[in-house]
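Letter by letter, the chains look like this.
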Amino acid sequence: MWYAIISEDHEGTLDQRLAARPEHVARLTALRDKGRLLIAGPHPAVDSPDPGPAGYTGSLLVVDFSSLEDAKAWANEDPYIAAGVYRNVTVKPFNLVLP
């Protein structure tokens with residue numbers, strides 16, 4: 001089943017985010033390569049695809065796991081959590097309707 005992982009950043013953590021990004025992206029790439037990643041991306045803090053020093057306010061992922069518990073366990077291992085970037089992570093079941 002698909003699960004939405006909605007993460008919110010602590011303010012002022014752009015440097016930590018950038019430092020942890022390679023490991024974060026590697027985990028997403030592994031899911032993508034297995035066909036288990038629908039979408040992934042950050043929420044810019046300003047209305048721009050490149051927010052520069054304004055940074056980001058969080059991230060949205062839609063991923064495939066066998067259970068909500070597995071999705072939560074995977075989300076809790078995110079390098080952004082270990083780096084102190086995320087202040088809150090919500091994991092919810094997601095039903096893909098369109099496209």
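Look above for the structure.
In short, a report on the structure. (Residues numbered from 1 in each chain as written. Predicted model: local features only at pLDDT ≥ 70, side-chain atom pairs only at ≥ 80, totals over all residues. Heavy atoms only, no water.)

Take Ala71: it is sitting in helix α2 (residues 68–76). Sequence spacing of Ala71 and Lys92 is 21 residues, and the spatial spacing of their C-alpha atoms is 8.8 Å. Discounting residues that sit within four places of it in the chain, Ala71 has contacts with Tyr3, Ile5, Phe65 and Val91. (Helix = DSSP H or I, 4+ residues; strand = E, 2+ residues; numbered from the N terminus. Contact = heavy atoms within 4.5 Å.)

Turning our eyes to something else, we now look at the nonpolar core. Residues Tyr3, Ile5, Leu28, Leu31, Leu61, Val63, Phe65, Ala71, Trp74, Ala75 and Val91 constitute the largest nonpolar core, which totals 11 residues. By residue number, the principal contributor to this core is α2, which donates three residues. In this structure Ala75 touches Ile5, Ile81, Val89 and Val91, once residues within four positions along its chain are discounted. (Core = buried A, V, L, I, M, F, W, Y, C linked by side-chain atoms within 4.5 Å. Buried < 20%, exposed > 50% of the residue type's maximum accessible area, 1.4 Å probe, protein only.)

Attention now moves to the pattern of salt bridges. It is possible for side chains of opposite charge to pair when their charged atoms get near one another. Considering all chains together, one arrives at four salt bridges under this definition. The partner of Asp33 in a salt bridge is Arg32, and the shortest N-O contact between them spans 2.9 Å. (Salt bridge = Lys/Arg side-chain N within 4 Å of Asp/Glu carboxyl O.)

Further remarks concern a nonpolar patch on the surface. Side chains of Leu38, Ile39 and Leu96 sit close together on the surface and give an oily, nonpolar patch of about 230 Å² of accessible area. In this fold, Leu96 is placed in the segment after β4 (86–94). Using a relative accessible area of 39% as the deciding quantity, one classes Leu96 as partly exposed. (Patch = residues over 30% accessible without salt bridge, like charges linked within 9 Å, V, L, I, M, F, W, Y side chains within 5 Å. Areas by Shrake-Rupley, 256 points an atom, 1.4 Å probe, with all protein chains shown as cover.)

Those residues of α2 not exposed but buried are Ala71, Trp74 and Ala75. Summarising the axial view, the buried residues of α2 lie within an arc of 100°, below the 170-degree limit, and thus occupy one face. Opposite the buried face of α2, by more than 90 degrees, sit the exposed residues Glu69 and Asn76. Each element contacted by the buried residues of α2 is listed here: β1 (2–9), α1 (14–33), β3 (56–64), α3 (79–82) and β4. (Arc of directions from axis to C-beta.)

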